[in-house]
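These are the residues of each chain, in order.
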Amino acid sequence: MAPPEDSVDRHLARWRGKAPYDETVEAVVTRLQMLTKHVANSKRRMHDEVGLADFEFQTLHRLAARDGHRATPSELAADLLLSPAGMTGRLDALEQAGLVRRIRGTADRRRVDVELTEQGHAKWLAGMRFQDVAERQIVGALDERERGRVNALLKKMLLRAEELAAADAGSGGLAGPVGPADTGSGSTGSNGTGPAAGARPGGDAP
């Protein structure tokens, strides 16, 4: 019995014989883009579930990753690629909501740290648990052995991509890492469920 078709199979059939591209490469790249879209959609549902905007959750996430769940505003701004003014506004809103608090440093009283509150940690943890379930549902299509193999192959591809990006950056190019929200957006429809009908091979919009 033949495996069921997915949206990428239909995308490939639509372009077969019409463009000069390697069909296997196109299949791999487009499926990566589609999976990225589905994960991004699950993150949007998680944000709705816990009642936080993405930028709010990301701030709590950076704090949760640090020892003692605290950091200086400048450290957070660097992590999140924000200006000091932008970071201040974000922290003001989160502090007002009771999710973080500003405290004086223990060694240097002139230092101000931002600390995750119990309420903030609970919000972050609820979001992480929601996302864990969503991602397990996707990866659950693979058994344990398949997961290990796919993980190793994806790591091999990512190392190659990072090597190419580093070489391009060293030669004055503009390549660099991108976040999940920035990847694969060109080859899908507006609902993120399949490649757009007019998309060209390689994920570019028509």
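This report concerns the structure included in the present document.

Parameters and conventions
Per chain, residue numbering runs from 1 following the sequence as it is written. Where local features are concerned, this predicted model is filtered to residues with pLDDT of at least 70; where side-chain atom pairs are given and counted, the filter is 80 or more; whole-chain, interface and lining totals use all residues. The basis for the side-chain values is all heavy atoms of the structure; hydrogens and waters are excluded. Starting at the N terminus, helices and strands are each numbered in turn, a helix being any DSSP run of H or I of at least four residues and a strand any DSSP run of E of at least two. Here the term buried applies to any residue with accessible area under 20% of the maximum for its type, exposed to any over 50%, and partly exposed to those in between, with areas from a 1.4 Å probe on protein chains only. In what follows, residue pairs with any heavy atoms lying within 4.5 Å of each other are defined as contacts. The reported arc concerns the directions from the helix axis to the C-beta atoms and nothing else.

## What about the overall build of the chain?
- A count of helical and extended segments in the chain gives seven helices and three strands.
- Taken from N to C terminus, the helices and strands of the chain fall in the order α-α-α-β-α-α-β-β-α-α.
- Relative to its 206 residues, the chain shows a buried fraction of 27%.
- A fraction of 53% describes how many contacts in the chain between residues 6 or more apart in sequence connect residues 24 or more apart.

## Details of helix α4 (residues 73–80)
- Three or more residues of α4 are buried, namely Leu-76, Ala-77 and Leu-80. What you see down the axis of α4 is that its buried residues fit within an arc of 100 degrees, all on one side. Opposite the buried face of α4, at more than 90 degrees from it, the exposed residues are Ser-74 and Ala-78.
- Its buried side turned inward, α4 meets α3 (54–64), β1 (70–71), α5 (84–96) and β3 (112–116).
- Among the residues trailing α4, Leu-81 stands out with phi positive, at a value near 55 degrees.

## Here we look at the side chain of Thr-59
- Structurally, the position occupied by Thr-59 is in helix α3.
- A relative accessible area of 0% places Thr-59 in the buried class.
- Ignoring anything within four residues of it in the chain, the contact list for Thr-59 reads Leu-76, Leu-80, Met-87, Arg-90, Leu-91 and Leu-94.

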